[in-house]
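Close look at the chain arrangement
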Amino acid sequence: MARKIIIDCDPGIDDAAALCMALFAESLDVVAVTAVEGNVTCDCANTNLQTIIEQLDPPKIPRLGMASPNKSSNYRPATHIHGMDGLGDAGLAKVTHHHSHPSEKILLDEIRSHPGEISILCLGPLTNIARVLKRDPDISTSIREVIMMGGSVSAGGNITPTAEFNMYCDPHSAAQVFESDIPKTLVPLDVTQRIGLTLDFLDNLPGEWDRRGALLRKILPSLYRAYHNELGQESINLHDAVAVLWVLMPDLFESTVMAGKVETTGEHTRGATIFDRRNQRQWHRNVEVVIDVDVNAAIGAMQRILNK
Ligand code: BDR
Ligand code: CA
């Protein structure tokens, strides 16, 4: 039976690529996709999510949840990477439906309807998961697992010297999720940054006739430009798509269970993920962390999945 999953995302170009992989995977039953503020404002995240779903028109349309502002976050839009509209300013026809429910309501509804069955894949700040825990503190035992793209073990940060973007945007929510008793997996920068996708990746995507090919061929070129101009890189990292690959093909990766927390206050370390790796560890192990990947096999697998 296909694994029931909710994808919580802040689209974002790599979030869109992740959806291209997940929404067409036969082994996944994507029951809902929920938006969160992160790469873009909540209004923009909501529009982008609906636009992506409309463009992809996947075999099964998931329920959609809408983001709302997070006043306590350290949110700053990542327009330098994802473009002013979050999707590479590629001129996509934007779609906005009305009468949609808040993300946390969709998450709560689905978890309660399928206790113990739902995996939540978090591709943005952890705001919505913390809201779910606040609204129903007992819900944690009904969530099968949370898989989070974010954080860093030894790779440093990407938005500050110490913090990864998703953790930095809302460190208080991230800290709450780390402290919760939900089974957790972290897919950190240590693996996602190792998967550098050169222009070959773009060339090998399906053609315009394919809905995923049509979308990715429109939005990825601006990501190559941003990585070149802003980061001095000739390849791109699709962090969120790597997290989907972990869900689909964990054998390509290595993971270990670690004791981790999220820094919420440090002047230079806000949003950093900290791990107790002392011989005489005092924190309890609370998160499975993906620490290694077969890079070539992973790139080949992403390419195949997008062409299937
Ligand atoms: C994460 O930050 C966002 O900009 C990306 O979409 C990804 O989720 C990488 O640090
Ligand atoms: Ca993201």
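Below: a short report on this structure. Quick caveat, the model's predicted, so the values are computed rather than measured. (Residues numbered from 1 in each chain as written. Chains lettered and ligands numbered in written order. Predicted model: local features only at pLDDT ≥ 70, side-chain atom pairs only at ≥ 80, totals over all residues. Heavy atoms only, no water.)

Let us look at the site of ligand 1. In the vicinity of ligand 1, the contacting residues are D14, D15, N39, H82, L123, M149, N158, E164, F165, N166, H239 and D240. Measuring from an oxygen atom of ligand 1, one finds a side-chain N or O atom of D15 at 3.1 Å. Contact distances for ligand 1 include 2.9 Å between an oxygen atom and a backbone N or O atom of L123. In isolation ligand 1 exposes 280 Å². Once the protein is present, 96% of that is buried. Breaking the shell around ligand 1 down by element, the ones donating at least two residues are α1 (13–22), α6 (165–169) and α11 (239–248). (Near = heavy atom within 4 Å. Polar contact = N/O pair within 3.5 Å; in protein donor to acceptor, adjacent residues only side chain to side chain. Areas by Shrake-Rupley, 256 points an atom, 1.4 Å probe, with all protein chains shown as cover. Helix = DSSP H or I, 4+ residues; strand = E, 2+ residues; numbered from the N terminus.)

Attention shifts here to the coordination of the calcium ion (ligand 2). Four donors placed tetrahedrally around a metal ideally meet at 109.5 degrees, and six donors placed octahedrally ideally meet at 90 or 180 degrees. Ligation of the calcium ion (ligand 2) by protein atoms is provided by D10 (OD), D15 (OD), D15 (OD), L123 (O) and D240 (OD), these donors lying 2.2 to 2.6 Å from the ion. Linear spacing of the donor residues for the calcium ion (ligand 2) on their chain is D-x4-D-x107-L-x116-D. Highlighted residues: D15 in helix α1 and L123 in the loop between β5 (119–122) and α5 (127–135), separated in sequence by 108 residues. The burial state of D15 is the same as that of L123; both residues are buried. (Donors = N, O, S within 2.8 Å, 3.2 Å for Na, K, Ca; no water. Buried < 20%, exposed > 50% of the residue type's maximum accessible area, 1.4 Å probe, protein only.)

Regular strands show a simple pattern: their side chains alternate between the two faces of the sheet. For strand β7 (residues 184–187) and strand β11 (residues 287–293), the ladder comprises 2 bridges, and the chain directions are parallel. By the bridge assignment, L186 is partnered in β11 with V289. Relative to β11, strand β8 (residues 253–258) runs antiparallel, the two being bridged by 6 bridges. Paired with T256 across the two strands is V289, which belongs to β11. (Pairing = 2+ DSSP bridges.)

Right, let's get into the packing of aromatic side chains. Evaluated as defined, the whole model comprises 1 aromatic pair. Where W246 meets F253, the ring centres are 5.8 Å apart and the plane angle is 80 degrees; that geometry is what we call edge-to-face. Residue F253 is classed as buried on the basis of its relative accessible area, which comes to 10%. Geometry around F24 places R212 over its ring, the cationic atom sitting 4.8 Å from the centre. (Phe/Tyr/Trp six-rings, centres within 6.5 Å; stacked < 30°, edge-to-face > 60°. Lys NZ or Arg CZ within 6 Å of the ring centre and 35° of its normal.)

The next subject is α5. Along α5, 7 of the 9 residues are buried, which leaves the element largely enclosed by surrounding structure. Its buried side turned inward, α5 meets β1 (3–9), β2 (28–35), α4 (103–113), β5, β6 (145–149) and α7 (171–179). (Contact = heavy atoms within 4.5 Å.)

On the secondary structure map, K4 appears in strand β1. Separated by 3.2 Å, the side chains of K4 and D29 make a polar contact.

Side chains that differ in sign of charge can pair as their charged atoms come close. Enumeration over the complete set of coordinates arrives at 13 salt bridges. Note that K94 is salt-bridged to D85, the shortest N-O span being 2.9 Å. D109 is the partner of K105 in a salt bridge, and the nearest nitrogen-oxygen pair spans 3.0 Å. With a gap of 4 residues between them, K105 and D109 both fall in helix α4, about one helical turn apart. For D109, a relative accessible area of 22% translates into the label partly exposed. A single network of salt bridges, built from pairs that share partners, joins R63, K105, D109 and E110. (Salt bridge = Lys/Arg side-chain N within 4 Å of Asp/Glu carboxyl O.)

The next point concerns unusual backbone geometry. In the segment running from P11 into G12, the intervening peptide bond is cis, with an omega of -5 degrees. Here G12 lies in the loop between β1 and α1. In this structure, D57 is a non-glycine residue whose phi angle is positive, near 40 degrees. Its location among the elements puts D57 in the loop between α2 (42–56) and β3 (63–66). Phi is positive for D89, close to 45 degrees, though the residue is something other than glycine.

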